[in-house]
Amino acid sequence: MSSSLRGILWMCAGVFCLSVGDAISKWLGEVHSPIQIIFFRTLISLPLIGLIARFNGGLRKLTTRRPGVHLVRGLIATGTMLCFVFGLTLLPLAETTAIAFAAPLFVTLLSVPLLGEKVERLPLAAAIIGFLGVLIVVRPGAAGFQPGALVVVGAAMFYALLMITARRYGLREYLWAMVFYVTLVPLVVTAALLPWVWQTPWPVHWLGFIGAGIFGVGAMAFITMAFRFAPAALAAPFDYTAMVWAVLLGWWFWGEVPDLWVYVGTLVIIGSGLAIAYHERRITLKQRPAS
């Protein structure tokens, strides 16, 4: 099996884990607050992340000289999680997933004011077209519009900020330190808020909390493995397989059947994301020194 194929398979496995974790969170959200869901998800994930770091270079990989940066990134991650899990409780799974695909489009636009990067015409046009796809899914002003869609748009914006800060500081920080602190800060924040929203879990819900944490860490580990085996430009587009799982899981557990406009908007968003990925791959190949 080629290295690239292994990377693609790891990516697909990671996306599957993310989708299952989202489905579990949506199910838990029928009874529990997003704050309580995130608390248990991060509580279970954090020691697993530390264990993975222990076997990938030692716990020194969790050290940092920029605690302030990690605090800000952790707060952004908290906003991402709260908005996304809350959105899951308000919208069908497939629609939530489709809107969340807008995050890379926000990265393209926000990289200009926040990173000082110059965005060329192709990715800029692709990002604008991608937002039209988001509008097709959300349909503001239409009879089918749901205000919860704006919450998921907020989650996509927060996640874009998380990716931008990773781009800015990632090369100067250990990978697992970046992952560890964006899990630790949401844990601390939700722990402080937990007494106001606490609902005693049913026995079966404990399995859900544990499963959401395990699948979340599995997704991180598998996606990390994917980028070790395959170039980012090759592996990243397979993130869109999440839509397949979202449709299947939403239909299987909640009888959700997305309407035509959700599929149309999703195709527009995915096409725009692939165009941006293709452009970045071309730039990377041009910058690679000749052998």
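The protein chain carries the name Membrane protein in an unreviewed UniProt entry, which gives Litchfieldella qijiaojingensis as its organism.

Trainee: Describe the overall build of the protein chain, listing the residues and the values that go with them.
Mentor: Helices and strands together make up the secondary structure of the protein chain, namely twelve helices and zero strands. Listing each helix as α and each strand as β along the protein chain from the N terminus yields α-α-α-α-α-α-α-α-α-α-α-α. Relative to the 2.2 N^0.38 estimate, which gives 19 Å for 291 residues, the radius of gyration of the protein chain is 19 Å and therefore close to what a compact globule would have. Projected onto its principal axes, the C-alpha positions of the protein chain cover 60 × 55 × 40 Å. Per-residue burial over the protein chain gives 47% buried out of 291 residues. The long-range fraction of contacts in the protein chain, counting pairs at least 24 apart against all pairs at least 6 apart in sequence, stands at 88%. Just so you have it, the protein chain exposes about 14,700 Å², and 71% of that area is on carbon and sulfur atoms.

Trainee: Which residues make up a nonpolar patch on the surface, and what values go with them?
Mentor: The grouping of Phe 16, Val 244, Trp 245 and Leu 248 at the surface amounts to a nonpolar patch, some 330 Å² of accessible area in total. Sorting elements by how many residues they give to the nonpolar patch places helix 11 (residues 242–254) first, with three residues. Within the element layout of this structure, Trp 245 appears in helix 11. The partly exposed category is assigned to Trp 245, whose relative accessible area is 30%.

Trainee: Describe the UniProt feature "domain: EamA" (unreviewed entry) in the protein chain, with residues and values.
Mentor: Following the UniProt record, the feature "domain: EamA" (unreviewed entry) maps to residues 6–138 and 147–272 here. A helix fraction of 80% and a strand fraction of 0% characterise residues 6–138, whose end C-alpha atoms lie 35 Å from each other.

Trainee: Can you break down the side chain of Ser 272 residue by residue, with the values?
Mentor: Within the fold, Ser 272 resides in helix 12 (residues 260–287). Looking at Ser 272, the relative accessible area reads 3%, which means it is buried. Side-chain polar atoms of Ser 272 contact the backbone oxygen of Val 268, separated by 2.9 Å. Ignoring any residue separated from it by four or fewer positions in sequence, one finds Ser 272 in contact with Leu 105, Ala 126, Ile 129 and Gly 130.

Trainee: I'd like to hear about the packing of helix 4 (residues 93–100) against helix 11, residue by residue, with values.
Mentor: For any two helices packed against each other, one specifies the inter-axial angle together with the distance between the axes. Running from N to C, helix 4 and helix 11 point in directions that differ by 160°, and their axes come no closer than 8 Å. The angle between the axes of helix 4 and helix 11 places the two elements in the roughly antiparallel class. The handedness of the crossing between helix 4 and helix 11 comes out as right-handed. Residue-level contacts link Leu 93, Ala 94, Thr 97 and Ala 98 of helix 4 to Ala 242, Met 243, Ala 246, Val 247, Leu 249, Gly 250 and Trp 254 of helix 11. Here the contact of helix 4 with helix 11 is composed, by residue class, of nine nonpolar, two polar and no charged.

Trainee: Explain the packing of aromatic side chains residue by residue, including any values.
Mentor: Under the definition given, this model contains twelve aromatic pairs. Each ring, one from Phe 40 and one from Trp 198, has its centre 6.0 Å from the other, and the planes form 50°; the classification is tilted. Note that Phe 40 is positioned in helix 2 (residues 34–54) and Trp 198 in the loop between helix 8 (175–193) and helix 9 (203–229), a separation of 158 residues in sequence. What makes Phe 40 buried here is its relative accessible area of 8%.

Trainee: An account of the nonpolar core is needed here, citing residue identities and associated values.
Mentor: Core analysis: the largest hydrophobic core is formed by 42 residues, its most contacted members being Ile 99, Phe 101, Phe 106 and Met 243. What Phe 106 contacts, discounting residues up to four positions off in sequence, is Phe 131, Val 153, Ala 156, Met 157 and Ala 160. Core analysis: the second largest hydrophobic core is formed by 23 residues, Leu 28, Ala 53, Val 85 and Ala 177 among them.

Rules and cut-offs
- Residues numbered from 1 in each chain as written.
- Predicted model: local features only at pLDDT ≥ 70, side-chain atom pairs only at ≥ 80, totals over all residues.
- Heavy atoms only, no water.
- Helix = DSSP H or I, 4+ residues; strand = E, 2+ residues; numbered from the N terminus.
- Rg over C-alpha atoms; globule rule 2.2 N^0.38 Å.
- Buried < 20%, exposed > 50% of the residue type's maximum accessible area, 1.4 Å probe, protein only.
- Contact = heavy atoms within 4.5 Å.
- Areas by Shrake-Rupley, 256 points an atom, 1.4 Å probe, with all protein chains shown as cover.
- Patch = residues over 30% accessible without salt bridge, like charges linked within 9 Å, V, L, I, M, F, W, Y side chains within 5 Å.
- Salt bridge = Lys/Arg side-chain N within 4 Å of Asp/Glu carboxyl O.
- UniProt positions renumbered as here; feature names shortened; annotations may be inferred.
- Polar contact = N/O pair within 3.5 Å; in protein donor to acceptor, adjacent residues only side chain to side chain.
- Axes fitted to C-alpha atoms, helices over the stretch in contact; angles between N-to-C directions.
- Parallel < 35°, antiparallel > 145°, perpendicular 65-115°, else oblique.
- Left-handed = near helix turned anticlockwise from the far one by under 90°.
- Nonpolar A, V, L, I, M, F, W, Y, C, P; charged D, E, K, R; others polar.
- Phe/Tyr/Trp six-rings, centres within 6.5 Å; stacked < 30°, edge-to-face > 60°.
- Core = buried A, V, L, I, M, F, W, Y, C linked by side-chain atoms within 4.5 Å.

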